[in-house]
Every structure is written in structure tokens, then in C-alpha cells.
Amino acid sequence: MSALLEVDQLSIRFGGLVAVNEVSFTVGHGEIRCIIGPNGAGKSTLFNLISGIYPPSAGTVRLDGLDITGMAAHRVAAAGIARTFQSSRLFNELTLIDNVVVGMHARTRTGVLDALFRPRRSRAELDGAADEAGRIIRSVSEELYRRRHSMAGSLPQADRRRLEIARALASQPKLIMLDEPSSGMDDRDTDALIRDIGAVMAEQPKLSFILIEHDMRLVAALPGQVMVIDYGRKIAEGPFAEVRLVPRVQEAYLGSRAAHA
Ligand SMILES: Nc1ncnc2c1ncn2[C@@H]1O[C@H](COP(=O)(O)OP(=O)(O)OP(=O)(O)O)[C@@H](O)[C@H]1O
Ligand SMILES: [Mg+2]
């Protein structure tokens, strides 16, 4: 079976800067891929190219055999890619449930507000959606589920990041891309996140993940290949045990002393 995501020679230029430079990789069905690399390396920009925020200057992106290169973000979402952003984008004045209901409509163009403020006759449908949203939240975290009727704005940072994952799952994606899901988390929260991701993978064995991560504990704990981006280029790819030995990775994440350990 061919890969779910095939990225070939993808590039984008911003003026004189080639922020993503001829990057190629694939992600298989049910596979999890971590992307690491120094600040400003081009990791988030790579997500923006794949998810249709920016059209690439060159290269192609295929999802499940469909060429999605240069498609608008809502069409990429409809094709089956969900993502989170480096900075949280929740609706603080909505409950956890309603934030996830919004996510369910990410694959249809009739969007967000429509879903929440529709006329009374569709109330039953909306209640169904609320039940489904609750089920999705619960699949990510029992603890989060207990707070499902709270406003998203009341959540601590770690729970906000988890709710974003639940919202991304709500669109029933084939591929979910998480941009630094552990940012703002302490070690305990990160351990919980590792368990949450494991739970989602166990429940949806065909769902694929790409994670941008700076926390090497999380990267080491996840299965699958790790890809290193530096100055817009892919400089290494392989299991974390191998990639961690790359000098640039040692420098960026593990401290130069670790190189001699
Ligand atoms: N819209 C844009 N216009 C111009 N330059 C941009 C744009 N978006 C990103 N860049 C530049 O592209 C480079 C890569 O940025 P990007 O945000 O992808 O890095 P990153 O690897 O995600 O870094 P971090 O780990 O800090 O999040 C940076 O030099 C950034 O300033
Ligand atoms: Mg980034």
C-alpha cells in the first residue's frame, strides 16, 4: 500500500529566504512522525504548506493518492488533514463540547457559527453532535471529559493543548498534525500527553500523526521515525536512537556535553 502522505521536493521562498527547501518525506497509514529542529528551521512553515495556509513555490503534496498541492486550507481539511497551531486557537467563551462541535464542521464549508446557532429544528442534530463531541473528548482524556461543560477559557494550558487535539480529531481526519503539543507543559503534563496520544493511536490504528516537538522526552517515547529540519532542509531521518547522534541535534537539543557522553 502506498503512503498516506507523500511530500516531494517541497519548497517555499519568502523574499530572499528559502524557509522550506526541497523537503521530501512520506508518512504511512497509522504511522507517527516527529519533526525536530532549531528555532526558525522551517518546521511550522512546512505544516503551513501541507495544510494549505501557503501555496508552495515548488514541490508536491499528495494525500491518499490525491494531489492537494496548493489547495485552500478548507479543502485540505475536507481531504482529511487536521492540525493544531503553535499558539492556541480555542474559542474561550465556548464550552469544551462546543469547541469540539466546531471542529466537526471543519470538513464542511458551512462552518462554525452556523453549527452553533442554527434554528431550533436542528436542535436534535446538535444534541447528537454534543454527544459525539463528548465521546471524542473522552477518547483523549477522562479528566478533560469531566470538565466538558466548562468554558475553554478556564482551562490550564496543558488541558487547552489536549482540547485542541480533541477538536482536530473531531473532523475525522486521516492525518493529524500537531505543532508543539507539549509547549507550556511540565514533565507531568507531558507524560499525560504521551499517554493520551497512545490512547488515540490504540483506538484509531489507521490514523497518522506528524508532531513538531522540542521536548526530546516526548520524541523518544513515541514510536516511528524522526525527521530533522535545519535551515529549511531535511538533514536527517531515522529512529530517534540514531537521529539523536546527529551533531546538529546534539547541539540544538542535547547540549554539546551529551555528544561526548
Ligand atoms: N509568512 C512569512 N513571511 C516571511 N517569513 C516567514 C513567514 N513565515 C515564516 N517565515 C520565516 O521562515 C523561517 C522558518 O519559520 P518557522 O516558523 O517555520 O520556524 P520553526 O521551525 O517553526 O521555528 P520554531 O521552532 O521557533 O517554531 C523563519 O526565518 C521565519 O521568520
Ligand atoms: Mg514553529
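Now for a description of the structure that goes with this document. Within every chain, residues take consecutive numbers counted from 1 along the sequence as written. Labels are handed out in written order, letters beginning with A for the chains and numbers beginning with 1 for the ligands. The predicted nature of this model means local features are confined to residues of pLDDT at least 70 and side-chain atom pairs, given and counted, to a pLDDT of 80 or more, with totals for whole chains, interfaces and linings taken over all residues. Note: side-chain values were computed over all heavy atoms of the structure, leaving out hydrogens and water.

## Some thoughts on the coordination of the magnesium ion (ligand 2)
Phase 1 of the analysis: Within the protein, the atoms that donate to the magnesium ion (ligand 2) are S44 (OG) and Q86 (OE1), at distances of 2.0 to 2.3 Å. Placement of the pair is S44 in helix α1 (residues 43–50) and Q86 in the loop between β6 (81–83) and α3 (96–104), with a sequence separation of 42 residues. Ligating atoms shown are N, O and S within 2.8 Å of the metal, or 3.2 Å for Na, K and Ca, and water is not included, meaning a site may look less than complete. Under the DSSP-based scheme used, a helix requires at least four consecutive residues in state H or I and a strand at least two consecutive residues in state E, with every element numbered from the N terminus.

## Remarks on the pattern of salt bridges
Phase 1 of the analysis: A pair is scored as a salt bridge if a Lys or Arg side-chain nitrogen falls within 4 Å of a carboxyl oxygen belonging to Asp or Glu. Tallied over the entire structure, the rule returns 15 salt bridges.
Phase 2 of the analysis: In this structure, E143 and R162 form a salt bridge, with 3.9 Å as the shortest nitrogen-oxygen distance. One end of the pair, E143, is in helix α6 (residues 142–146); the other, R162, is in helix α7 (residues 157–169), with 19 residues separating them in the sequence.
Phase 3 of the analysis: Summary of the burial criterion: residues with accessible area below 20% of their type's maximum are buried, those above 50% are exposed, and those between are partly exposed, where the area comes from a 1.4 Å probe applied to protein chains only. Residue E143 is classed as partly exposed on the basis of its relative accessible area of 44%.
Phase 4 of the analysis: Across the pair D187 and R217 runs a salt bridge, and its minimum N-O distance is 3.6 Å.

## So, the nonpolar core
Phase 1 of the analysis: Within the largest apolar cluster, 48 residues are counted, with the highest numbers of intra-cluster contacts made by I36, L163, F209 and L211.
Phase 2 of the analysis: Per-element tally for this core: the top contributor is α7, with six residues.
Phase 3 of the analysis: For this core, the two domains that each supply at least three residues are domain 1 (1–80 + 176–190 + 207–261) and domain 2 (89–172).
Phase 4 of the analysis: Contacts: residue pairs with any heavy atoms within 4.5 Å of one another. Not counting chain neighbours up to four residues away, the residues in contact with L211 comprise I32, R33, C34, I35, L178, P181, I197, L218 and L222. Residues grouped as a nonpolar core are buried Ala, Val, Leu, Ile, Met, Phe, Trp, Tyr and Cys residues, joined through side-chain atoms within 4.5 Å. Each domain's extent is set by a domain assignment, obtained either automatically or from a database.

## Section: the site of ligand 1
Phase 1 of the analysis: Close to ligand 1 lie 15 residues; G40, K43, T45, Y54 and Q86 are nearest.
Phase 2 of the analysis: For this analysis, a polar contact is any N or O atom pair within 3.5 Å, provided that within protein one partner can donate a hydrogen and the other can accept it, and provided that sequence-adjacent residues contribute only side-chain to side-chain pairs. Contact between ligand 1 and S44: an oxygen atom at 2.9 Å from a side-chain N or O atom of the residue.
Phase 3 of the analysis: At 2.6 Å from an oxygen atom of ligand 1 is found a side-chain nitrogen or oxygen belonging to T45.
Phase 4 of the analysis: Here ligand 1 has 640 Å² of accessible area as a free molecule, and 65% of this is covered by the chains.
Phase 5 of the analysis: For the shell around ligand 1, the element with the most residues is α1, which contributes three residues. For this purpose, a residue is taken to be near a molecule or strand whenever a single non-hydrogen atom of the residue falls within 4 Å of it. To be clear on the numbers: accessible area is Shrake-Rupley with a 1.4 Å probe, and residue cover counts the displayed protein chains and nothing else.

## Focus: unusual backbone geometry
Most peptide bonds adopt trans geometry, and most residues besides glycine take a negative phi value.
Phase 1 of the analysis: Phi at E180 is positive, roughly 55°, even though this residue is not glycine.
Phase 2 of the analysis: Within the element layout of this structure, E180 appears in the loop between β7 (175–179) and α8 (187–203).
Phase 3 of the analysis: Its relative accessible area of 11% is what places E180 among the buried residues.
Phase 4 of the analysis: The backbone of Y231 shows a phi angle near 45°, a positive value even though the residue is not glycine.
Phase 5 of the analysis: The residue Y231 is located in the loop between β9 (225–230) and β10 (233–239) in this model.

## Considering the side chain of S139
Phase 1 of the analysis: Examined against the element boundaries, S139 turns out to sit in helix α5 (residues 123–140).
Phase 2 of the analysis: At 2.7 Å, the side chain of S139 forms a polar contact with the backbone oxygen of I136.
Phase 3 of the analysis: Setting aside its immediate chain neighbours within four residues, S139 contacts A199, V200 and E203.

## Focus on the environment of L4
Phase 1 of the analysis: Counting through the fold element by element, L4 comes out in the segment before β1 (5–14).
Phase 2 of the analysis: You can call L4 buried: its relative accessible area is 1%.
Phase 3 of the analysis: In the structure, L4 is positioned 61 residues away from G65 in sequence and 7.5 Å away in space, judged by C-alpha atoms.
Phase 4 of the analysis: Setting aside residues no more than four positions away along its own chain, L4 makes contact with V27, G28, H29, R62, L63, D64, K174, L175 and S208.

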